[in-house]
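Chains, contacts and geometry: an overview
Below are the chains, spelled out letter by letter.
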Amino acid sequence: MHIIRYPDPATWPELLRRPSLPAADLQATVHEVFAAVQSGGDGALLAYTERFDRVRPAPLVNGPAEFAAAEDQLLLELKAALQHAAQNIRTFHAAQAYAPTVIETQPGIRCWRRATPIHRVGLYVPGGTAPLFSTLLMLAVPAAVAGCREITVVTPPQATGQVHPAMLYAAQLAGAHRVVAAGGIQAIAALTYGTESIAPVDKLFGPGNQYVTAAKQYAAQLGVAIDLPAGPSEVAVLADASADPDFVAADLLSQAEHGTDSQVLLITTHEPLLAAVAAALERQLPALPRHALAAAALANSRAVLVRTPDELLALSEAYAPEHLILHLSGAEAFAERIETAGSVFVGPLTPESLGDYASGTNHTLPTAGFARAYSGVSLSSFQKHITFQQATRAGLAALGPVVETLAHAEALAGHANAVRIRLEKEGL
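Reference entry: report on the structure contained in this document. (Residues numbered from 1 in each chain as written. Predicted model: local features only at pLDDT ≥ 70, side-chain atom pairs only at ≥ 80, totals over all residues. Heavy atoms only, no water.)

Our focus in this paragraph is the sheet that holds strand 4 (residues 109-117). Two modes of strand pairing occur in sheets, parallel and antiparallel, and in both the strands are linked by backbone hydrogen bonds. Strand order across the open sheet formed by three strands is 3-4-15, with antiparallel pairing between neighbours. Either end of the sheet is taken by a strand with one partner, and the two such strands are strand 3 (103-106) and strand 15 (383-391). Going from strand to strand, the sheet's axes swing by 30° on average, the running direction of each strand aside. By the bridge criterion, nine bridges tie strand 4 to strand 15 in an arrangement that is antiparallel. Note on strand 15: the bridge partner recorded for Arg114 is Ile386. (Pairing = 2+ DSSP bridges. Helix = DSSP H or I, 4+ residues; strand = E, 2+ residues; numbered from the N terminus. Axes fitted to C-alpha atoms, helices over the stretch in contact; angles between N-to-C directions.)

Written as structure tokens, this is what we have:
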């Protein structure tokens, strides 16, 4: 990790810059693949999967039969762990539902809001270097709780051409209807346009690399809603003299192992921690099976020394991290000051891994600074919220003249007339 001591605030934007691919290259590839899938359907989807993933899916679409077969292949311990995680995720997201509340804004005028499910959703689950069944649960469980009618999962196939059995079991457990063995731009394009085997969706969900994020953003231009820009994963760790360097290093590595384009950021007020964490990283890194990926991510990452807790907070807020871990004395009080982050892990006994898998919160979160304006996936992400209003005769009599005045002031006589004609016919 690159170490920066007491950086001038004027240098923060460059200091906090994420690694990225040239935008023009991303867009050209996205446009090419989308055009091919739009015209070529399943054939193009298969061709690009063979080209990018070097495997031909078999079968392309997995359903109840494949789900049942996958269940028999898993160890009881893994199935129990998946069930436990799914239950916690279901509990947390089900608690986000609310009953419509009718508000009388003035006598005779009633207004209310009701949530209805998005009918067809497409869930992107990365799987290029590992089967991320945790992400499948994070997306499919709240989709099922929300009542989505068609839940389609897309995920890259293994080298065998098949979807990992844990992914299929998780899909069944969560309530997904089908799993498509395809990933990357081509999978997003298939969900956008539809193919012979895949129906187009109303909204796209899920994290991915920069190509997948660019593909989702292009799909949004074509009229398909997306959850949020969720690209390469990242973490910021805030630490002071109370921090355990082994815990801090483990947290940094747990994020870095996602991939070479992941980024980790350590911000501390305690200079001796820099060397202690570096030593801990050297001890822990070689033991990780994905140590090469983690090492590459660390090469793009930084450790920053600041003077005060206020600077610690200010630098974190400027970064707007996807994940934020607090290795701080008084972490709970500090957490109350945070306004910009995807998800916060409070105190030394709360590793990011808990939220990634099974605490119940959602791990599909805004990256690349989008936490300044976006929230992570929640139950409401899978819902539409419709407003209703109803006027009584007395309510129309009281509010109608106000609306007429406003409509005439905007030179919208038709709006005023829609009120006036009712007032006259009702003798008001």
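After presenting the structure, the write-up continues.
Below, the discussion takes up the packing of aromatic side chains. Aromatic ring pairs: the centre-centre distance and the angle between the two ring planes describe each pair. Following the criterion strictly, the structure yields six aromatic pairs and no others. Centre to centre, the rings of Phe34 and Tyr193 are 5.8 Å apart; their planes meet at 75°, and the pair counts as edge-to-face. Separated by 159 residues along the polypeptide, Phe34 in helix 2 (residues 23-53) and Tyr193 in helix 7 (residues 184-193) bring together distant segments of the chain. Taking the relative accessible area as the measure of exposure, Tyr193 reaches 26% and is therefore partly exposed. Every member of this aromatic cluster is reached through a ring pair, and the members are Phe34, Tyr193 and Tyr218. (Phe/Tyr/Trp six-rings, centres within 6.5 Å; stacked < 30°, edge-to-face > 60°. Buried < 20%, exposed > 50% of the residue type's maximum accessible area, 1.4 Å probe, protein only.)

Let's shift gears to helix 5 (residues 133-146). Each α-helix turn comprises 3.6 residues. Residues three or four places apart therefore point the same way. Helix length check: helix 5 (14 residues) gives 20 Å between terminal C-alpha atoms against 20 Å at 1.5 Å per residue, within 8%. Extensive coverage of helix 5 is indicated by the burial of 12 of its 14 residues. Among the residues of helix 5, Phe133, Ser134, Thr135, Leu136, Leu137, Met138, Leu139, Ala140, Val141, Pro142, Ala143 and Ala146 are the ones counted as buried. Note on helix 5: the residue one or two positions beyond its end, Gly147, has a positive phi of about 95°. (Expected span 1.5 Å × (residues − 1).)

As a further point, take the nonpolar core. Residues Val121, Leu123, Leu136, Leu137 and Phe382 are the most contacted members of the largest nonpolar core, which totals 40 residues. Sorting the residues of this core by element identifies helix 3 (64-71), helix 4 (76-94), strand 5 (120-124), helix 5, strand 6 (150-155), helix 6 (165-174) and strand 7 (178-181) as the ones contributing at least two each. The next biggest cluster of nonpolar side chains, apart from the first, holds 29 residues, and it includes Ala182, Ala189, Ile198 and Val212. (Core = buried A, V, L, I, M, F, W, Y, C linked by side-chain atoms within 4.5 Å.)

Burial runs high along strand 6: five of the six residues are buried. One ladder, built from five bridges, connects strand 5 with strand 6; its direction is parallel. Bridged to Tyr124 within strand 6 is Val154. The sheet contact formed by strand 6 and strand 7 spans four bridges and is parallel.

Turning our attention to the pattern of salt bridges. Evaluated as defined, the whole model comprises 11 salt bridges. The partner of Glu426 in a salt bridge is Arg393, with the nearest N and O atoms 3.2 Å apart. Linking Glu426 in the segment after helix 16 (413-425) with Arg393 in helix 15 (residues 393-409), this pair joins segments that are 33 residues apart in sequence. A relative accessible area of 48% places Arg393 in the partly exposed class. (Salt bridge = Lys/Arg side-chain N within 4 Å of Asp/Glu carboxyl O.)

A few words now on the sheet that holds strand 11 (residues 263-268). An order of 1-12-11-10-13-14 is seen for the six strands of this open sheet, with the pairing classed as parallel. Every other strand in the sheet has two partners, leaving strand 1 (2-5) and strand 14 (343-346) as the edge strands with one partner each. Neighbour to neighbour, the strand axes of the sheet diverge by 15° on average, direction disregarded. The sheet contact formed by strand 10 (residues 234-239) and strand 11 spans six bridges and is parallel. Its bridge partner lying in strand 11, Glu234 is registered against Gln263. Of the strands in this sheet, strand 10, strand 11 and strand 13 (323-327) touch helix 9 (residues 245-256), which is tilted by about 155° from strand 11. Where helix 10 (residues 272-284) meets the sheet, it contacts strand 1, strand 10, strand 11 and strand 12 (302-305), and its direction lies at approximately 145° from that of strand 11. (Contact = heavy atoms within 4.5 Å.)

Put simply, helix 9 and helix 10 touch, their axes get as near as 8 Å, and they point 60° apart. As summarised for this structure, helix 9 and helix 10 are arranged oblique, according to the angle between their axes. Read as a crossing pair, helix 9 and helix 10 show a hand that is right-handed. Of the residues in helix 10, those in contact with Pro245, Asp246, Val248, Ala249, Ala250, Leu252 and Leu253 of helix 9 are Leu273, Ala276, Val277, Ala280, Leu281, Arg283 and Gln284. In terms of residue class, the contact of helix 9 with helix 10 is made up of 11 nonpolar, one polar and two charged. (Parallel < 35°, antiparallel > 145°, perpendicular 65-115°, else oblique. Left-handed = near helix turned anticlockwise from the far one by under 90°. Nonpolar A, V, L, I, M, F, W, Y, C, P; charged D, E, K, R; others polar.)

A separate point is the environment of Leu298. With respect to the element layout, Leu298 can be found in helix 11 (residues 291-299). Residue class for Leu298 comes out buried when judged on its relative accessible area of 8%. Counting along the chain gives 39 residues from Leu298 to Arg337, while the straight-line C-alpha distance between them is 28 Å. Aside from chain neighbours lying at most four places away, what touches Leu298 is Met1, Leu253, Ala256, Val264, Leu281 and Leu285.

Before going further, it helps to spend a moment on unusual backbone geometry. With an omega dihedral of 0°, the bond running from Ala58 to Pro59 counts as a cis peptide bond. Topologically, Pro59 is positioned in the loop between helix 2 and strand 2 (61-62). Here Ala320, not a glycine, exhibits a phi torsion of approximately 55°, which is positive. Relative to the assigned elements, Ala320 resides in the loop between helix 12 (309-319) and strand 13.

Another aspect to go through is the side chain of Ser134. Locating Ser134 in the fold gives a position in helix 5. The class for Ser134 is buried, based on a relative accessible area of 7%. If we ignore the near neighbours within four places in the chain, the residues touching Ser134 are Asp356, Tyr357 and His363.

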